[in-house]
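Descriptive analysis of the structure
Here's the letter readout for the chains.
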Amino acid sequence: MDEHDLTCQELVELVTDYLEGALPETQFKRFEEHLSGCHDCHHYFDQMRFTIRLVGRLSESHLSSGAKDELLDLFRDWKKELPEQEKPENLEE
Amino acid sequence: MLTIEDADIIQGLRRGDESVFASLFDGYQNSLLRLALMYAADQRLAEEIVQETWLAVLKGIHRFEGRSALKTWIYSILINRAKTVAQHEGRYNNLTLSLDEQPESNEPSVPVDRFHPDDDHPYPHHWLNGPSDWGDLPEDKLLSDETQKVILAAIDGLSPNQREVITLRDIEMLSSEEACNILGISESNQRVLLHRARAKVRQALEGYLER
Ligand SMILES: [Zn+2]
């Protein structure tokens with residue numbers, strides 16, 4: 001790795017590697033040193049974390065689907081064709 | 001490799017236990033639909049892909065060997081189907097690009113004009129106009145439906161590979177290992193794609209939030 005300190009422009013490319021724990025130790029140290037001394041990059045870093053959190057909220061949105069009943073019917077059809085030995089003993093006969 | 005929960009579910013399905021299937025459906029349906037919508041042109045097609053996925057799960061459950069987690073297996077089935085369908089519809093051409101080429105790897109996370117150009121500055125490559133503190137923004141705005149829409153539109157505008165990775169990692173919260181297995185890409189490729197995707201969504205958010 002190069003000798004010089006990280007520039008802001010370099011740091012913004014490393015945020016995900018940093019968060020994923022994928023930076024080699026020297027880079028990791030430079031990243032943290034830069035971040036602790038640079039307001040602008042600190043804000044950038046926080047914005048990325050905000051972004052990740054806000055993207056994660058999409059998982060809460062519910063996509064309507066009326067497919068369940070139909071699928072349970074298909075499940076029952078499928079079940080009828082199960083080989084005998086797969087069915088629980090003592091229940092079916 | 002299989003968790004106890006997974007093993008129970010698999011056994012339940014194999015003996016045709018409807019309640020096991022119903023609860024599996026409840027746990028996965030929303031995620032499967034969201035994943036299918038990454039590839040499908042509309043909700044109806046996405047629902048079809050999900051339906052086919054469930055049937056493939058039932059068909060394959062006796063042969064499933066548990067070399068991957070149940071979730072990884074189900075997601076893989078869905079994504080393979082969805083890609084096939086989308087390819088038929090011509091919506092998925094970009095993905096045939098080899099991932100090794102990584103056409104996006106030189107794309108900067110932040111436009112170059114946001115930084116001091118080389119050398120002629122005591123702090124070369126330092127921010128010209130730095131990012132603002134989103135912690136100062138009203139919570140209402142950050143969490144609004146409008147913000148969600150901006151994010152959705154940004155994700156929609158990503159390359160298919162970037163969209164897949166950010167959806168699996170940051171929406172479905174899979175580990176990088178799981179995402180790499182499902183997509184068949186290396187960890188380092190995955191990180192590049194994830195970073196590009198996040199950087200673009202951040203940029204879209206910045207444009208909207210600081211307007
Ligand atoms: Zn900086």
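So, here is what we can say about the structure in this document.

Calculation rules
Residues numbered from 1 in each chain as written. Chains lettered and ligands numbered in written order. Predicted model: local features only at pLDDT ≥ 70, side-chain atom pairs only at ≥ 80, totals over all residues. Heavy atoms only, no water. Contact = heavy atoms within 4.5 Å. Buried area = accessible area lost by both parts, 1.4 Å probe. Salt bridge = Lys/Arg side-chain N within 4 Å of Asp/Glu carboxyl O. Polar contact = N/O pair within 3.5 Å; in protein donor to acceptor, adjacent residues only side chain to side chain. Helix = DSSP H or I, 4+ residues; strand = E, 2+ residues; numbered from the N terminus. Donors = N, O, S within 2.8 Å, 3.2 Å for Na, K, Ca; no water. Tetrahedral: all angles 85-135°; square planar, octahedral: opposite > 155°, others 65-115°. Buried < 20%, exposed > 50% of the residue type's maximum accessible area, 1.4 Å probe, protein only. Core = buried A, V, L, I, M, F, W, Y, C linked by side-chain atoms within 4.5 Å. Domains from an automatic or database assignment. 1 Å grid on protein atoms, 1.4 Å probe; cavity = no way out; pocket = protein on both sides within 12 Å on 5 of 7 lines; lining within 4 Å. Points joined across faces, edges and corners; volume = space filled by probe spheres on them.

Across the boundary between the two partners, chain B contributes 64 residues, which contact 47 residues of chain A. Between chain B and chain A the total buried area reaches about 5,000 Å² when both faces are included, carbon and sulfur atoms providing 63% of it. A salt bridge links Arg191 of chain B to Asp17 of chain A; the nearest nitrogen and oxygen atoms lie 3.0 Å apart. At the boundary of chain B with chain A, the tally comes to 20 residue pairs in polar contact (both at pLDDT 80 or more). Contributions of two or more residues to the side of chain B that touches chain A are made by α1 (4-14), α2 (18-37), α3 (43-60), α6 (145-156), α7 (160-171) and α9 (187-209) of chain B. With eleven residues, α9 of chain B is the single largest residue contributor to the side of chain B that touches chain A.

With that out of the way, let us pick up the coordination of the zinc ion. All names here are of chain A. Around the zinc ion, the protein supplies Cys8 (SG), His34 (NE2), Cys38 (SG) and Cys41 (SG) as donor atoms, at distances of 2.0 to 2.3 Å. One can describe the donor arrangement at the zinc ion as tetrahedral, given that its four donor atoms subtend angles of 101 to 114° at the metal. The sequence pattern describing where the donors of the zinc ion fall on their chain is C-x25-H-x3-C-x2-C. Residue Cys38 is classed as buried on the basis of its relative accessible area, which comes to 7%.

This part covers the nonpolar core. Residues Trp54, Ile155 and Leu168 of chain B are the most contacted members of the largest nonpolar core, which totals 68 residues. A domain split of this core shows at least three residues from each of domain 1 (4-94) and domain 2 (112-209) of chain B. Among all residues touching Ile155 of chain B, those that are not within four sequence positions of it are Val55 and Leu58 of chain A together with Arg163, Ile166, Ile171 and Val201 of chain B.

As a further point, take the layout of surface pockets. Within this model, the largest pocket holds a volume of roughly 360 Å³. Leu58 of chain A together with Arg34, Leu37, Leu152 and Ile155 of chain B are, among the 14 residues lining the largest pocket, the residues nearest its centre. When contributions to the lining of the largest pocket are tallied by element, the ones reaching two or more residues are α2, α6 and α7 of chain B. Of the residues forming the lining of the largest pocket, the biggest block, five residues, is contributed by α6 of chain B.

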